[in-house]
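A closer look at the structure
Given next are the chains, with one letter for each unit.
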Amino acid sequence: NWLKFILRFNGVLATLAVVAVLMPQSWLVWCISNVEPGLQVGLLVSYLSRALSLYALLAGLLFLVFAEDVKRYKAPIRTMEVLVLFAIIAF
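Residues numbered from 1 in each chain as written. Predicted model: local features only at pLDDT ≥ 70, side-chain atom pairs only at ≥ 80, totals over all residues. Heavy atoms only, no water.

**Thoughts on the overall build of the protein chain**
- On a plain count of helices and strands, the protein chain comes out with five helices and zero strands.
- Its helices and strands taken in sequence order, the protein chain reads α-α-α-α-α from the N to the C terminus.
- Relative to the globule expectation of 12 Å for 91 residues, the C-alpha radius of gyration of the protein chain, 15 Å, shows a markedly less compact shape.
- Counting across all 91 residues of the protein chain, residues that qualify as buried make up 22%.
- By sequence separation, contacts in the protein chain at least 24 residues apart represent 65% of the contacts at least 6 residues apart.
- As displayed, the protein chain offers around 6900 Å² of accessible surface, 73% of which is attributable to carbon and sulfur atoms. (Helix = DSSP H or I, 4+ residues; strand = E, 2+ residues; numbered from the N terminus. Rg over C-alpha atoms; globule rule 2.2 N^0.38 Å. Buried < 20%, exposed > 50% of the residue type's maximum accessible area, 1.4 Å probe, protein only. Contact = heavy atoms within 4.5 Å. Areas by Shrake-Rupley, 256 points an atom, 1.4 Å probe, with all protein chains shown as cover.)

**Examining the side chain of Ser53**
- In this fold, Ser53 is placed in helix 4 (residues 43-68).
- Polar side-chain contacts of Ser53 include one of 2.9 Å to the backbone oxygen of Ser49.
- Those residues within four positions of Ser53 in sequence are excluded, and the remaining contacts are Ala17, Ala20 and Val21. (Polar contact = N/O pair within 3.5 Å; in protein donor to acceptor, adjacent residues only side chain to side chain.)

**A closer look at the environment of Leu52**
- Considering the arrangement of structural elements, one finds Leu52 in helix 4.
- Residue classification places Leu52 among the partly exposed residues on the basis of a relative accessible area of 44%.
- Linking Leu52 and Ala20, residues 32 residues apart in sequence, is a C-alpha distance of 9.4 Å.

**Quick look at the packing of aromatic side chains**
- One pass over the full model with this rule turns up three aromatic pairs.
- With 6.2 Å between their ring centres and 90° between their planes, Trp2 and Phe5 make a pair best called edge-to-face. With a gap of three residues between them, Trp2 and Phe5 both fall in helix 1 (residues 2-15), about one helical turn apart.
- On the basis of relative accessible area, Trp2 is assigned to the exposed category, the value being 68%.
- Considering the side-chain rings of Phe5 and Phe9, the 6.0 Å spacing of their centres and the 20° angle between planes classify their relative orientation as stacked. Note that Phe5 and Phe9 are positioned in helix 1 at a spacing of four residues, about one turn of the helix.
- Phe9 gets classed as partly exposed once you look at its relative accessible area, which sits at 46%.
- One aromatic cluster is present, formed by Trp2, Phe5 and Phe9 through successive ring pairs. (Phe/Tyr/Trp six-rings, centres within 6.5 Å; stacked < 30°, edge-to-face > 60°.)

Here it is as structure tokens:
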């Protein structure tokens, strides 16, 4: 039950990244300039921020799917656990 709750909670939070994936370019520039003042938001910064947000969105959707049947998705849950830990260590 705790694992289902954790997967659903993280899944819902991560799916909020859909806003960053779909927002207009002017909003993205404004958000990035508030987080990192002085950074020029060119093509690369825009691409990387949207790609990272898309990764979070897809991970959140997978968490929501895995939360439906924890026993059935035991192996993919462990794989996602390792991938998320690597992503946390990398940042």
